[in-house]
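Survey of secondary and tertiary structure
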Amino acid sequence: MKIKVKDLPYEQVLSLPEEGHLPPKKPGMFFRTLLNTLSLPELKDVHFRLETVGMEKLGKDTPALFLMNHSSFLDLKIASHILYPRPFNIVCTSDGFVGKRGLMRSLGCIPTRKFMTDMTLVKDMLYAFRKLGSSVLMYPEASYSFDGTATALPESVGKCLKLMGVPVVMIRTFGAFARDPLYNGLRLRKVDVSARMEYLLSPEEIREKSVRELNAILARQFSFDNFRWQQENRIPIREPFRAEGLNRVLYKCPVCGEEGAMAGSGTILRCGHCGSRWELTEYGSLSGPGEFSHIPDWYRWERDRVRKEILDGVYRMDLEVDICMLVDSKSIYRVGSGRLVHSTEGFLLTGCDGKLTVKQAPSDAYSLYADYFWYEIGDMICIGDKNALYYCFPKNTGDFVAKARLATEEMYKLTRKAPVSL
């Protein structure tokens, strides 16, 4: 999938008229049917199966909040099928509206900016529940998993459940990550996919529980390990390209400690500095030197190393980047090049011949909107605020996205007294 990109000077982008906010629309039966119909071919390919638990408690016309783990684009097709014909609005990233605002609104989409406080989103969700009589589908992780385990949840989720006052349903997928992991460059594998849809909380239960208790329930629901699931269920992935791009996740060699020298090719992950090599087996484990045979364990070790750098005051990432901006839904605007510095003081983006300076403090976001091969442009790191988003594409050779996300999450935790634990 691609996105509309337009070259425009930074000053002109700043002078573009502000795009007014519109309340969400309730998707009509035509668009609900269209989404369901378009989803069926791929669901047939993956032999999709659904298990339901307690769903008899939810009336067919009762608005509910559907929470779903986020593994790949297949998630939306699954939701469109299993919720049909129930009307529901979809919380999605604001760049999804670029070039197709009218269509996205007709499909029921509600735009938001990832990992940032967004009171407009809260108001839009309440509007969908109370005024439209529609349900809402939300991916609280807000981004695809890098290592197959859950990404950070915001501390505000429990408060949000209390404010909404509607039933909560959990949708958990199995096999969607194994079929299309983000690191593997949009190359699909032959894996069957299933889902479990469970009535999780009633409005009465939400009122009775504290915010801390609600957050704990959601933390348990979003505690999973897709590689462990693959191993325990003996799900083979025989594609010869299964390790390609794995260096984007496992960027630091545990043998020699070098960063940016890892390379995934075919079924092999190799360190170009010390020569160590690992094979990604067809059941999702690593065979090679060192202590890590499980990808999430390696990724967790990288997180620990990043946290140590932060505590020692030595963490720093300095990247030459191409810069794009999002200020409306008409286009992504390519405004020039610059420098993105990430340190214990947060992000500092400068560029466009000295005209652009953007800062983002460690306390501003609990995670980082970062992606691999974003809209087929390149690996991307995004910062910004309610006025504009800045999409930074590193020119430097190396893998920076995962480390930047880990550092953002760890610095945020260090600024909070009670960080979310998953």
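For clarity, every value in this text was computed on a predicted model and none was experimentally measured. Along every chain, residues carry numbers that run from 1 in the direction the sequence is written. Residues qualify for local features only when their pLDDT is at least 70, as the model is predicted, and side-chain atom pairs are given and counted only at 80 or more; totals for whole chains, interfaces and linings, by contrast, use all residues. Excluding hydrogens and water, the side-chain values take into account all heavy atoms of the structure.

Comments concerning the confidence of the model for the protein chain
- Chain-level statistics for the protein chain give a pLDDT mean of 94 and a share of 99% at 70 or above.
- Every residue in residues 418–422 is under pLDDT 50, and counting partners more than four places away or in other chains gives 12 contacts. For every residue, the pLDDT score states the predictor's confidence, bounded by 0 at the bottom and 100 at the top. Whether two residues touch is decided by their heavy atoms; if any such pair falls within 4.5 Å, the residues are in contact.

Section: a nonpolar patch on the surface
- Patch membership requires more than 30% relative accessible area and the absence of a salt bridge. Residues of like charge join within 9 Å; the nonpolar side chains Val, Leu, Ile, Met, Phe, Trp and Tyr join within 5 Å. Per-residue accessibility takes into account occlusion by the displayed protein chains alone, with areas from the Shrake-Rupley method and a 1.4 Å probe. Salt bridge, as used here: a side-chain nitrogen of Lys or Arg that lies within 4 Å of a carboxyl oxygen of Asp or Glu. On the surface, a nonpolar cluster with roughly 320 Å² of combined accessible area is contributed by Phe30, Leu34 and Leu38.
- The helix and strand labels rest on DSSP assignments: H or I over at least four residues marks a helix, E over at least two residues marks a strand, and numbering proceeds from the N terminus. Considering the arrangement of structural elements, one finds Leu38 in helix H2 (residues 29–45).

Description of the environment of Arg172
- Its place among the elements puts Arg172 in strand S7 (residues 168–174).
- You can call Arg172 buried: its relative accessible area is 15%.
- Residues Arg172 and Trp229, spaced 57 residues apart in sequence, show a C-alpha to C-alpha distance of 13 Å. The cut-offs for exposure are 20% and 50% of the maximum accessible area for each residue type, with area from a 1.4 Å probe on protein chains only; residues under the lower value are buried, those over the upper are exposed, and the others partly exposed.

Examining the packing of aromatic side chains
- Here the aromatic set is Phe, Tyr and Trp, taking the six-membered ring for Trp, and pairing holds for ring centres within 6.5 Å; pairs whose planes are under 30 degrees apart are stacked, those over 60 apart are edge-to-face, and all others are tilted. As enumerated under the stated definition, the model contains 12 aromatic pairs in all.
- Note on Trp374 and Tyr375: the rings are 4.6 Å apart at their centroids and 90° apart in plane angle, and the pair reads as edge-to-face. Of the two residues, Trp374 and Tyr375, neither departs from the other in class, the shared state being buried.
- Among the aromatic side chains, those forming a connected cluster through ring pairs are Tyr369, Trp374, Tyr375, Tyr391 and Phe393.
- Between the NZ or CZ atom of Arg405 and the centre of the ring of Phe146, over which it lies, the distance is 3.7 Å. Counting as a charge over the ring demands two things of the Lys NZ or Arg CZ atom: a distance within 6 Å of the ring centre and an angle within 35 degrees of the ring normal.

Some details on the layout of surface pockets
- When its volume is computed, the second largest pocket comes out at roughly 980 Å³.
- Along the walls of the second largest pocket sit 37 residues, with Glu18, Glu19, Arg113, Val327 and Lys386 positioned nearest its centre.
- Every element with two or more residues in the lining of the second largest pocket is listed here: helix H1 (10–14), helix H4 (101–106), strand S5 (109–112), helix H5 (119–130) and strand S13 (316–326).
- Each residue gets one of three labels, nonpolar for Ala, Val, Leu, Ile, Met, Phe, Trp, Tyr, Cys and Pro, charged for Asp, Glu, Lys and Arg, and polar for the others, Gly among them. Looking at the lining of the second largest pocket residue by residue, the class counts come to 19 nonpolar, eight polar and 10 charged. A 1.4 Å probe that fits but cannot get out identifies a cavity on a 1 Å grid over protein atoms alone, an open set with protein on both sides within 12 Å along at least five of seven lines counts as a pocket, and a residue lines either if it has an atom within 4 Å of a point. Grid points are joined across faces, edges and corners, and a volume is the space filled by probe spheres set on the points.

A few points about helix H12 (residues 401–415)
- Multiplying one less than the number of residues by 1.5 Å gives the expected span of a helix. Counted at 1.5 Å a residue, the expected span for H12 with its 15 residues is 21 Å, and the 22 Å between its end C-alpha atoms agrees.
- Counting buried residues in H12 gives 12 out of 15 residues, a clear majority hidden from the surface.
- Inspection of H12 places Val401, Ala402, Lys403, Ala404, Arg405, Leu406, Ala407, Thr408, Glu409, Glu410, Met411 and Tyr412 among the buried residues, and these make up the whole buried set.
- As for H12, its buried residues are in contact with helix H11 (295–311), S13, strand S14 (332–343), strand S15 (346–351), strand S17 (369–374) and strand S18 (378–384).

Considerations on the sheet that holds strand S12 (residues 286–287)
- Spatially, the four strands line up as an open sheet ordered S9-S10-S11-S12, and their pairing is antiparallel. Looking at strand neighbours, the two that pair on one side only are strand S9 (262–265) and S12, the edges of this open sheet. The criterion for strand pairing is that DSSP finds at least two bridges linking the strands in question.

Section: empty space enclosed by the protein
- Scanning the model with the defined rule gives six cavities of 30 Å³ or more in all.
- Reported here for the largest cavity is a volume of approximately 90 Å³.
- Those elements that provide at least two residues to the lining of the largest cavity are helix H7 (176–179) and helix H10 (226–232).
- Ranked by the residues each element gives to the lining of the largest cavity, the list is headed by H10, at three residues.
- When the residues that make up the lining of the largest cavity are grouped by side-chain class, the tally is seven nonpolar, four polar and two charged.
- Every residue along the wall of the second largest cavity is listed here: Arg113, Lys114, Phe115, Met116, Gln360, Ala365, Ser367, Leu368, Tyr369, Cys382, Ile383 and Leu389.
- Among the residues forming the lining of the second largest cavity, the class breakdown is eight nonpolar, two polar and two charged.

Remarks on the pairing of strand S10 (residues 268–271)
- Relative to S10, S9 is paired through four bridges, and the arrangement is antiparallel. Counted as the bridge partner of Ala263 is Arg270 from S10.
- Remark: two residues form the turn of the hairpin made by S9 and S10, two consecutive strands paired antiparallel; Gly266 in that turn has positive phi of roughly 60°.
- Across three bridges, the pairing between S10 and strand S11 (residues 277–280) is antiparallel. Paired with Ile268 across the bridge in S11 is Glu279.
- Counting the residues in the hairpin turn of S10 and S11 gives five residues, including Gly275, whose phi is positive at 85°.

A few points about the environment of Glu302
- Secondary-structure assignment places Glu302 in helix H11.
- Here Glu302 falls in the buried class, since its relative accessible area comes to 0%.
- Residues Glu302 and Cys253 lie 49 residues apart in sequence; the distance between their C-alpha atoms is 9.3 Å.
- Not counting residues up to four positions away in its chain, the partners in contact with Glu302 are Val249, Leu250, Tyr251, Lys252 and Leu406.
- Within polar-contact distance, the side chain of Glu302 engages the backbone nitrogen of Tyr251 at 2.8 Å. Polar contacts, as counted here, are pairs of nitrogen or oxygen atoms within 3.5 Å of one another; within protein the pair requires one atom able to donate a hydrogen and one able to accept it, and residues that are adjacent in sequence qualify only if both atoms are side-chain atoms.

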